[in-house]
Structures are given as structure tokens and as C-alpha cells.
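Take a look at the letters that make up each chain.
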Amino acid sequence: MIEFRSVSKQFPDGTLAVEDFSLTLPSHQTTVLVGSSGSGKTTLLRMINRMVDPSSGAIEIDGVGIHTLEPVQLRRRIGYVMQNSGLLPHRTVIDNVATVPLLRGTPKKNARQDALALLDTVGLDRSLADRYPSQLSGGQQQRVGVARGLAVNPNILLMDEPFGAVDPIVRAELQQELIRLQSELGKTVVFVTHDIEEAFLLGDQVVILREGGRIAQIGSPAEILANPADDFVASFVGADRGKRALHLERRGDGDVLVDSEGRLAGVLVPGGRPHETKAGPFPGPGAPAQGGEPQ
Amino acid sequence: MNLFVDALNWILDPANYTGPGGISVRLVEHLGFTVVALLMASAIAIPCGFVIGHTGRGRGLAVATSGGLRAIPTLGLLTLVALWIGIGLGAPYVALTVLAIPPILAGAYTGFEAIDRAVIDSARSVGMSEAQIVRTVEIPLGLPLLIAGLRSATLQVVATATLAAYVADFGLGRFLFAGLKTRDYGEMLGGSILVILLAFALEGIFTVVQRLVVPRGVASGRLPVDRARSARPSPGMEPAITEGNH
């Protein structure tokens, strides 16, 4: 469990990135911080592994204040996945994945074996092990990034817009992969994104942030969609318009779902969804697989 | 043209290679002097450059200092130091170390600065200590530019080391000064040609070294990560780089 207690962060140039932020992130669940740029979401994420230290307030992991922990040691037990993978360009895939275990003193042979197994876990072929990052596609690089994040078997996995730089098709693939991984591994995932679709797809708990890290609403995707706290949230999630405001209409000899602009959004399927979407708390409309306009 | 013939004859005359003042001895002296001056300059410039490059602090000071050092006329400095500490090799070593510091310093810190910030940020995020970041990320990735700095310092030092003969009986510069004094222009030109050949040889060595130190996986030492390529899924396609190829 990760707890933020009245955390504020003011940068030396005077910018107040986060102001009096309090939040509890439950263990073994995915919490998504979502907001536009300037909402302080990345700053909040980077506070958890002490890449940024708060100006005031405290952060605890399982009851231990992280300000009492040595940053380097703390970071080595937290998985970190960033946009553009951040892989070391002069090291092979396998060496990148094994980086942190080697730093922690795992014997080289074991570290490499574990790294190979992790390539399987993230769905990469072992033949890529000796490639360099620049020889991989963007999607493959992100998978290596995830494998590296998992290499120390951390309880906590921080993901900073990890799928932001890949094309939509690969992104959808990686999102599904993460859902599968999370159902197997049950990590405490903290995920930062500006994409509300991604937040609803991946999050058990979604935190919508306004500027300065002020929380607009916390809840499951269904709660937020069904009861947006205010106009800001409603407009951010798009519940008041377009493809999320659906109604049933009789067309020809069947009922179809139509959005507020009159576009065909899909049909009601009895008993849930027909194929691979998240087995989680997301009964609402607007799942990307439902057709309609591309996101 | 007659002068060139004289110079070539002088260079090709085996008699000029033997003895305590022969070409062989002078060549070794000259080369040894160059190496020592570079080592001294490196001992000062490389650690400073690494600190500046890693912390991002003191860059303005480094630029200003290097600019100042570059502006000092080497012959003037040499004379000044020689007047101060006396005739001998001390003064040329000081003057040429000062000459070699700016390019090496610049190579050291620009090498670090050219590394994609995201790479260093991520190295820190996964739990590398600052020393580990310098050792395993910044030095290997910054090495090509450091070598480029050393290369340019080497060329300057090997050419300017002729000045050592101004205050000491030392190096290939001896032939220039002796030739000038005795109006033996063949010897003088021959001496300069030897310096030029030595510079070419060192340049050739550095060309090879510079190619060798580019880390595998990095197409060019300047841009470790090519973002333009990262959005395209190409599983099992041809390797995108040449250096990392098997």
C-alpha cells in the first residue's frame, strides 16, 4: 500500500506542481493517475521512488516513510517503466533486462537466465536477447522496458506513460498484454497517462487530476462514468457528449446503441462482452472494441 | 623545387638517422614529449570534463576558461615560463599542456551532454548510483566525443611540440631551429615534413580508434537513441544499424 499524506511539491523555479495531495493506493491493484499536462501526475509518480522529493508532506510504502530510505536502494526494489523505454542503447536486450539484478549482486548466470524467462513473460522471442534496442521496434522496446521493470520482482511497478510513443495498434496490444500480466502477477501498479480511455481500460482505481495535482475525482471507472463529480470530470471523461452518451434506438428490426451525435456506436450484447476485453469493473459504454469512431 | 629535393635527400640520407642528434632519436623524443603532454592535459581535463558533464554545473566557467586558454599564444607562454623556471623541458611541457586542455575538456563534457537525457534519467530511476551512471552509461556513450577531443589536442600538440627545441635540445623542432641558424633549408624543410608525417600517422591511428570506441548498438556517438525509428513494428526485419551487426 502506498500512501500520500498532504504532499506538496514546489520546484526551485517557483512552479507549484502538486499541492496538498493525499491518496491511498491499495496493494495488488492498478491505480491510474490521469490528467492533462501540468496536472502533476508524473511528479507524483516520481515521488514514489524518490526521483523527486516532496517539499512537504510524507509518502509511505507499507507504513514506512520513504524519506527514511536510501533513494538508490529504494529504486532498486521498485519497477520503473517509462515512455520511450529508456533502455541503455549500448547494451543488448538481455543486459538491459538484467541491469538491476546485476546491480543488486545476483550472479551473472542467474541474472541472464531470469532475464530470458522475463522475455517470455512479456511476450518477446528469446532470439531478440542479443539485439540492441535500436534494432527493435517501438513496441518491442516497450516490452523490454516492462521486462526490465519486472526484473527485480518488485511489489510496486511505476509506469510513466509507457505506451505514449507507440502507434495505436501496438498500444492496444501492449495494453491487453499488461492486463494479462497484471492478472498473473498482481503487482501494485501506478500508471500515469493523459488518455482517459487507457485509464478506464487499465485502472482498478482511477484518479482524475486537475492542475496542481488537485484530485477531481477518485473511483472505479464505472463509478466515475456513472456519477461524474462535477462538470470538469464529466467533460474530461466525455460523459456529457459524443460517443459516451449513448441511447438505445430501434433501427430496422433490432435495437442499436447510438451516441449523442447520431453515430452508430454498437449493439447491446446479452451477458457482457463477446471477446477479449478486461475482466474487470467496466460495465459502461465506450469500450474501444465496440466500434464507432476510432479513438 | 630545389629545396624539396634537398629536403628529400636529407630525409633519405641514412647518415642523418644515427647518433645522439639523429632523426630516430628526435622522432622518439618528439613522440614521447607529445604523449606526456597529452597525459598531463588529460589528467586535468578529463576528470573536470566528466564532473561538468555529469552535474551540468560549471559549464559556463569551462567555456570561458577554455576560450581564455585557447587565446594564449603558445610561444609567448613558453618564453614566459622558461624565463620563470629556466631553460629545459619544464616550460614546453607547461605550455603544451595548456594548449591541449581545451579540446580535451570540451570533448569530455560534450560527450556526456550529447547523451539522451531520458537514458540517464531511466538509469537513475532503476537504481543506479551516480558513480554507476558515470561508469557504465556516460563514459561508454560519451567516449567517441572524448576521443575526438583527444584527437584534435594531439594534432595541435604534435605540431606545436617543435617549439620545445626553442628552449631545449629536444625533438624534431631541433632540425627547424638548427636549419634556420645554419641556413640549411633542406634540413629545415625535411624536419617539417617529418612533423607533418608524424601528425598524419597519429591522425590515422585516431581515425581507427574513434571508430572502435563507438559502442555497439549506437549508430553514431552523438545520438544514442533514434526516436524516429521507434514507432514502426518490424519484428525480425534487417538490423537498423551497422555497428551492432553480427
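Every value quoted in this text rests on a predicted model; they were computed, and no experiment measured them. (Residues numbered from 1 in each chain as written. Chains lettered and ligands numbered in written order. Predicted model: local features only at pLDDT ≥ 70, side-chain atom pairs only at ≥ 80, totals over all residues. Heavy atoms only, no water.)

**Here we look at the environment of Asp95 of chain A**
Residues and elements named next belong to chain A. Convention followed: Numbering of helices and strands starts at the N terminus; helices are DSSP runs of H or I of at least 4 residues and strands are runs of E of at least 2. In this scheme, a residue with accessible area under 20% of its type's maximum is buried, one over 50% is exposed, and one in between is partly exposed, where area comes from a 1.4 Å probe on protein chains only.
Mapped onto the elements, Asp95 comes out in helix α3 (residues 93–103). Taking the relative accessible area as the measure of exposure, Asp95 reaches 23% and is therefore partly exposed. Residues Asp95 and Ala111, spaced 16 residues apart in sequence, show a C-alpha to C-alpha distance of 8.9 Å.

**What about the packing of helix α2 (residues 23–55) of chain B against helix α10 (residues 185–212) of chain B?**
Residues and elements named next belong to chain B. For clarity, the threshold we go by: Convention adopted: a line fitted to C-alpha atoms gives each axis, helices being fitted over their contacting stretch, and angles between N-to-C directions are expressed from 0 to 180 degrees. We call two directions roughly parallel when the angle between them is under 35 degrees, roughly antiparallel when it is over 145, roughly perpendicular when it lies between 65 and 115, and oblique otherwise. In a left-handed crossing the near helix is turned counterclockwise from the far helix by less than a right angle, and in a right-handed crossing that turn is clockwise. Working rule for contacts: check all heavy atoms of both residues, and any pair within 4.5 Å makes them a contact. Three categories are distinguished: nonpolar for Ala, Val, Leu, Ile, Met, Phe, Trp, Tyr, Cys and Pro, charged for Asp, Glu, Lys and Arg, and polar for the others, with Gly belonging to the last.
Relative orientation of the contacting elements α2 and α10 amounts to 50 degrees, with a least axis distance of 12 Å. By the criterion of interaxial angle, the relationship of α2 to α10 is oblique. In terms of crossing hand, the pair formed by α2 and α10 is right-handed. Contact residues: α2 offers Ile23, Leu27, His30 and Leu31, while α10 offers Leu194, Val195, Leu198 and Leu202. Classifying every residue of the contact of α2 with α10 by side-chain character gives seven nonpolar, one polar and no charged.

**Considerations on the pattern of salt bridges**
Under the convention used in this document: By convention in these notes, a salt bridge is any Lys or Arg side-chain nitrogen within 4 Å of a carboxyl oxygen on Asp or Glu.
The tally for this structure, following the rule as stated, stands at 20 salt bridges over all chains. Among the salt bridges present, the one from Arg250 of chain A reaches Asp255 of chain A, with a minimum N-O distance of 3.6 Å. Under the relative-accessibility criterion, Arg250 of chain A is labelled exposed at 57%. In this structure, Glu203 of chain B and Arg151 of chain B form a salt bridge, with 2.8 Å as the shortest nitrogen-oxygen distance. With Glu203 of chain B in helix α10 and Arg151 of chain B in helix α7 (residues 130–160), this pair connects stretches of sequence that are 52 residues apart. Judged by its relative accessible area of 23%, Glu203 of chain B falls in the partly exposed class. Among the charged side chains, a network of salt bridges with common partners joins Arg143, Glu173, Glu177, Arg180 and Glu184 of chain A.

**Digging into the confidence of the model for chain A**
The following threshold applies: As a per-residue quantity, pLDDT reports the predictor's confidence and falls between 0 and 100.
Taken residue by residue, chain A gives an average pLDDT of 87. The fraction at 70 or more is 90%. pLDDT under 50 marks residues 276–295 of chain A. Its contacts with residues more than four places away, or in other chains, come to 33 contacts.

**A look at the nonpolar core**
The test is simple: Put simply, a nonpolar core is a bunch of buried Ala, Val, Leu, Ile, Met, Phe, Trp, Tyr and Cys residues held in one set by side-chain atoms that sit within 4.5 Å of each other.
Formed by 46 residues in total, the largest nonpolar core has its most connected members in Val34, Val97, Met159, Phe191, Ile196, Ile208 and Val237 of chain A. Leaving out residues up to four positions away in the same chain, Val34 of chain A has contacts with Lys41, Thr193, His194, Asp195, Ile196, Ala199, Val206, Val207, Ile208, Leu209 and Phe236 of chain A. One finds Tyr93, Leu96, Ala100 and Ala153 of chain B within the second-largest nonpolar core, a separate group that totals 31 residues.

**Comments concerning the UniProt feature "transmembrane region" (unreviewed entry) in chain B**
Residues and elements named next belong to chain B. To be explicit about the condition: UniProt positions are given in the numbering used here, feature names are shortened, and annotations may be inferred rather than shown by experiment.
Those residues carrying the UniProt feature "transmembrane region" (unreviewed entry) are residues 31–55, 67–87, 93–112, 157–177 and 189–209 in this numbering. With 81% helix and 0% strand, residues 67–87 has its two end C-alpha atoms placed 28 Å apart. Helix makes up 100% of residues 189–209 and strand 0%. Its end C-alpha atoms lie 30 Å apart.

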